[in-house]
Amino acid sequence: MPARKLAKWKILLSEFDIVYITQKAIKGKALANHLTENPVDGDYEPVTTYFPNEEVLFVGEDIAESYTGCRMSFNGVANFKGFGIGAVLISQSGQHYPASAKIRFPCTNNMAEYDACILGIKMAVDMNIKERLVIGDSDLLIHQVQGEWSTKNVKILPYLHCVKELCKKFTKIVFKHVPRIQN
């Protein structure tokens, strides 16, 4: 029934050149956009954020309790406004090291997710971190990197190989999927 109502509204509003676009993963999109618009210059420095509901907005609170080492969260966005990636490294002491970038070539959302993951892993390699928990909301990426799902898209294969090569530089790296609703 809701689909019929949406279709009816779409037909009625079509004469006004209004385009309805559904929102997907708004929390991850907001994080990636925030990191893209607020880059950190120079060496990695912790960012101070003032969120009114910080306990609600923090990524992976339940995962943090079970993993005491360094963590990394990543997200990539591909939509009609552009392409952006972001990653946040969280040290054992709780320091946050954000990184973000805008991608200047067209890509799919999965490619943006892989680029974000690669960005965060390269940061960890540069910081000489040997153990890492990687947290992301891309079910496809997490399962492909863990070898649970096969990769059929030839455009994704170079990204997957890059992540696997970077993983060899760690003594321990664990990938955890967090559903978008919890991201």
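Asks: Explain the pattern of salt bridges to me, please; I cannot follow it from the model alone.
Replies: Pairing is possible between side chains of opposite charge, provided their charged atoms come close. Tallied over the entire structure, the rule returns 1 salt bridge. Between Glu165 and Lys168 there is a salt bridge whose closest N-O contact spans 2.9 Å. Judged by relative accessible area, which is 62%, Lys168 ranks as exposed.

Asks: Would you take a moment to explain the side chain of Arg132 for this structure?
Replies: When you line up the elements, Arg132 lands in strand β4 (residues 131–136). Within the structure, Arg132 has its side chain in polar contact with the backbone oxygen of Arg71 (distance 2.5 Å).

Asks: I tried to follow the pairing of β4 on my own but got confused; where do I start?
Replies: If a strand is regular, its side chains alternate between the two faces of the sheet. Counting buried positions along β4 gives 5 out of 6 residues, so the element sits mostly inside the fold. For strand β1 (residues 71–79) and β4, the ladder comprises 4 bridges, and the chain directions are parallel. Residue Ser73 lies in a different strand from β4, and its bridge partner there is Ile135. Relative to strand β5 (residues 172–177), β4 runs parallel, the two sharing 6 bridges. Opposite Ile135, over in β5, you have Lys176 as the bridge partner.

Asks: Help me understand the packing of aromatic side chains in this model?
Replies: Working definition: an aromatic ring pair is given by the centre-to-centre distance plus the angle between the planes. Evaluated as defined, the whole model comprises 1 aromatic pair. Seen from their ring centres, Tyr114 and Tyr159 are 6.1 Å apart, and the 40 degrees between their planes marks the pair as tilted. Of this pair, Tyr114 sits in helix α5 (residues 109–126) while Tyr159 sits in helix α7 (residues 157–167), and the two are 45 residues apart along the sequence. Note on Tyr159: relative accessible area 12%, which makes it buried.

Asks: What is the right way to look at the nonpolar core in this model?
Replies: Across soluble globular proteins, nonpolar side chains have a tendency to be buried as a group. Membership of the largest hydrophobic core comes to 32 residues, with the highest contact counts inside it found for Phe74, Tyr114, Cys117, Ile121, Val163 and Phe175. Where this core is concerned, the elements lending two or more residues are β1, β2 (82–90), β3 (96–103), α5, α6 (139–145) and α7. Looking at this core, the element that brings in the most residues is α5, giving 9 residues. With residues near it in sequence (within four places) discarded, Ile121 still touches Met72, Val163, Leu166, Phe170, Ile173 and Phe175.

Asks: For this particular structure, what's the right way to read the packing of α5 against α7?
Replies: When two helices pack together, their arrangement is given by the angle between their axes and by how far apart the axes lie. Put simply, α5 and α7 touch, their axes get as near as 10 Å, and they point 20 degrees apart. Taken as axis vectors, α5 and α7 run roughly parallel relative to one another. With respect to the hand of their crossing, α5 and α7 are arranged in left-handed fashion. Contacts between α5 and α7 involve Met111, Tyr114, Asp115, Ile118, Ile121 and Lys122 from the former and Tyr159, Leu160, Cys162, Val163 and Leu166 from the latter. Across the contact of α5 with α7, the residue classes tally to 9 nonpolar, no polar and 2 charged.

Asks: Even after reading the chapter, I still don't get the sheet that holds β4, so can you show me in this structure?
Replies: Adjacent strands of a sheet form backbone hydrogen bonds with each other and so pair up, either parallel or antiparallel. Read from one edge to the other, the open sheet built from 5 strands follows the order β3-β2-β1-β4-β5, with strand pairing classed as mixed. Strands with a single pairing partner mark the edges of an open sheet, and in this sheet they are β3 and β5. Put simply, the sheet's adjacent strands are angled 20 degrees from each other on average, direction ignored. Against the sheet, α5 engages β1, β2, β3, β4 and β5, with an angle of about 150 degrees to β1.

Asks: Help me out: how do you make sense of unusual backbone geometry in this one?
Replies: Leaving glycine aside, a negative phi is the common case for residues, and trans is the common case for peptide bonds. The phi angle at Asn128 is positive, at roughly 60 degrees, despite the residue not being glycine. On the secondary structure map, Asn128 appears in the loop between α5 and β4. Judged by relative accessible area, which is 54%, Asn128 ranks as exposed.

Cut-offs used in this document
- Residues numbered from 1 in each chain as written.
- Predicted model: local features only at pLDDT ≥ 70, side-chain atom pairs only at ≥ 80, totals over all residues.
- Heavy atoms only, no water.
- Salt bridge = Lys/Arg side-chain N within 4 Å of Asp/Glu carboxyl O.
- Buried < 20%, exposed > 50% of the residue type's maximum accessible area, 1.4 Å probe, protein only.
- Helix = DSSP H or I, 4+ residues; strand = E, 2+ residues; numbered from the N terminus.
- Polar contact = N/O pair within 3.5 Å; in protein donor to acceptor, adjacent residues only side chain to side chain.
- Pairing = 2+ DSSP bridges.
- Phe/Tyr/Trp six-rings, centres within 6.5 Å; stacked < 30°, edge-to-face > 60°.
- Core = buried A, V, L, I, M, F, W, Y, C linked by side-chain atoms within 4.5 Å.
- Contact = heavy atoms within 4.5 Å.
- Axes fitted to C-alpha atoms, helices over the stretch in contact; angles between N-to-C directions.
- Parallel < 35°, antiparallel > 145°, perpendicular 65-115°, else oblique.
- Left-handed = near helix turned anticlockwise from the far one by under 90°.
- Nonpolar A, V, L, I, M, F, W, Y, C, P; charged D, E, K, R; others polar.

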